[in-house]
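Residues per chain are reported as follows:
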Amino acid sequence: MKLSRPLLGLLTLLLVIGALSVGVYLRLKPAGGEPASEAAANPGDSLVLPVEASEQFATDVPQPVVGVEVVRDTLWITVTAAGEAASVQGARVLSQVDGVVRRVPVQENHGVAGGDLLLEVDTTEYALALARARADLLNSQARYQEMTLFDDQITETAIREERARLARARSGLAQAEVALRQAELNLERTSIRAPFGGRVADLRVVEGQRVGPGVELMSVVSLDPIRVEVQVLERELGFLSEGRRAVVTFPAFPTETFTGRIRTINPLVDPNTRTGRVTIELPNPRGRIKPGMYARVSLEAQYFPDRILVPRSAILEKDRRTMLFVFENGRAKWRYVTTGLENDTQIEILENPETEMVQPGEIVLVDNHYYITHDAPVQLVESASGTGMGIGGGA
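Residues numbered from 1 in each chain as written. Predicted model: local features only at pLDDT ≥ 70, side-chain atom pairs only at ≥ 80, totals over all residues. Heavy atoms only, no water.

1. Structural notes on the confidence of the model for the chain
Working step 1: Across the chain, pLDDT averages 84, with 82% of residues at or above 70.
Working step 2: Under a pLDDT of 50 for its full length, residues 31-58 has, in the predicted model, three contacts with residues more than four places off or in other chains. (pLDDT = per-residue confidence, 0-100. Contact = heavy atoms within 4.5 Å.)

2. A word on the sheet that holds strand β8 (residues 210-211)
Working step 1: The sheet built from four strands is open, its strands ordered β6-β5-β3-β8 with antiparallel pairing. Only two strands of the sheet have a single partner each, and these edge strands are β6 (191-193) and β8.
Working step 2: Inspection of the sheet shows strand β3 (residues 99-103) paired to β8 by two bridges, in the antiparallel sense. When the sheet's bridge partners are listed, G99 is paired in β8 with V211. (Pairing = 2+ DSSP bridges. Helix = DSSP H or I, 4+ residues; strand = E, 2+ residues; numbered from the N terminus.)

3. Some points on unusual backbone geometry
Working step 1: With an omega of 0 degrees, the peptide bond between D224 and P225 qualifies as cis.
Working step 2: Residue placement: P225 occurs in strand β9 (residues 216-233).
Working step 3: The backbone phi angle of D375 is positive, close to 70 degrees, even though this residue is not glycine.
Working step 4: Residue position: D375 is located in the loop between β19 (363-367) and β20 (376-381).
Working step 5: A residue is classified by how much of its surface remains accessible, and D375, at 31% relative accessible area, is partly exposed. (Buried < 20%, exposed > 50% of the residue type's maximum accessible area, 1.4 Å probe, protein only.)

4. Quick notes on the side chain of T275
Working step 1: Residue position: T275 is located in strand β12 (residues 275-282).
Working step 2: T275 sits in the buried class, given a relative accessible area of 9%.
Working step 3: Separated by 2.7 Å, the side chains of T275 and T273 make a polar contact.
Working step 4: The contacts of T275, once residues within four sequence positions are left out, are Q231, V232, L233, E234, L268, V269 and D270. (Polar contact = N/O pair within 3.5 Å; in protein donor to acceptor, adjacent residues only side chain to side chain.)

5. Re the nonpolar core
Working step 1: Among the nonpolar cores identified, the biggest contains 26 residues, and F250, I280 and L299 are the most heavily contacted of them.
Working step 2: Counting residues per element, the ones that place at least two in this core are β2 (71-94), β9, β10 (245-250), β11 (253-270), β12 and β13 (294-311).
Working step 3: When residues in this core are grouped by element, the largest group, six residues, is from β9. (Core = buried A, V, L, I, M, F, W, Y, C linked by side-chain atoms within 4.5 Å.)

6. Looking at helix α5 (residues 157-171)
Working step 1: Taking 1.5 Å as the rise per residue, α5 with 15 residues should run 21 Å; its terminal C-alpha atoms sit 21 Å apart, in good agreement.
Working step 2: A positive backbone phi angle near 80 degrees is found at G172, which sits one or two residues after α5. (Expected span 1.5 Å × (residues − 1).)

7. Details of the environment of L138
Working step 1: Residue position: L138 is located in helix α4 (residues 124-147).
Working step 2: Since its relative accessible area comes to 57%, L138 is described here as exposed.
Working step 3: Along the sequence, L138 and A176 sit 38 residues apart, while their C-alpha atoms lie 8.5 Å from each other.

8. Structural notes on α4
Because each turn of an α-helix spans 3.6 residues, side chains separated by three or four positions in sequence point in the same direction.
Working step 1: In this model, α4 (24 residues) spans 35 Å end to end at C-alpha, consistent with the 34 Å of a helix rising 1.5 Å per residue.
Working step 2: Taken as a whole, α4 has its buried residues at Y126, L130, A133, L137 and S140.
Working step 3: Where the residues of α4 are buried, they touch α5 and α6 (173-188).

Below you can see the structure in the form of structure tokens.
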């Protein structure tokens, strides 16, 4: 059959288009015969996560925690009160003579020993008065000798003594001796000395200033030891005894505690406040604690010996039950426990058949343990933010 020219042209065009389509298919077909659509459907087969990213979600990385040993000890129930520091010894230094201040060799907060010079008043007038008193005494002694020149020949003792008494009065010898002693004393008083060892406070005068008798010059306070006076409620006074321990904190030293002893307990109760004054004595060798500083005091009151104790910070609550974590072989093991008596820092753990017990020497977790789970890997450190090894080592 003879085809027409138009039909032959159309068939040729179709063959060319078919050949081009086969070429494009072969060019785009993935190696190995896998369809491109299947390769696009599994992009994860060719995605590899960095090692660091995968390790971020690892569950076996130890959590840094702080641990403390369980102890068997005496539990003290304390009484707390607020008070104020005061010096054990304190004295106002007053002028005893009239005159101009010539020298002040001390400043406030200077340490002084008993007898050290604090202030000196000009001595000119007092030195002249002393010289005059000595001259008057010599004159009186001369008159006395004239009056008693031959009295040594009198055999009657009583008569001789009576004449000597009258001669002392008439010659002015007795009065001259008193005047001399007064002049010596006034000269001594121009030098003001420390009555005891301590520190200078409230210095009120300067060199060149004129002072008179009774004028307050400064104070001297003894700061070591120092006392803290607190007011304790009358219902708690009966639990306290002299000599028991006291732990004191000051806002001036927020991270420090100071340990002292109960020195005295006032036997009187203030009827207005229903409190009694308790005085605590603290060592203060560097004088850091100053009189007048506000103090918060914890006093040992009742005590209960031979108790199993853990820090209060070890105790947690789970499902309305009391529990804690114990460090065992690099793992945090929780135990439900029964608590007893407690104070500000410690809490007693009691035997109970329905809960578990801890023993002295075991390590309980006290910090950075709030969100860990049972059997979680942990590492003991000195602080929750530190990396140093703490009690018991690490996992």
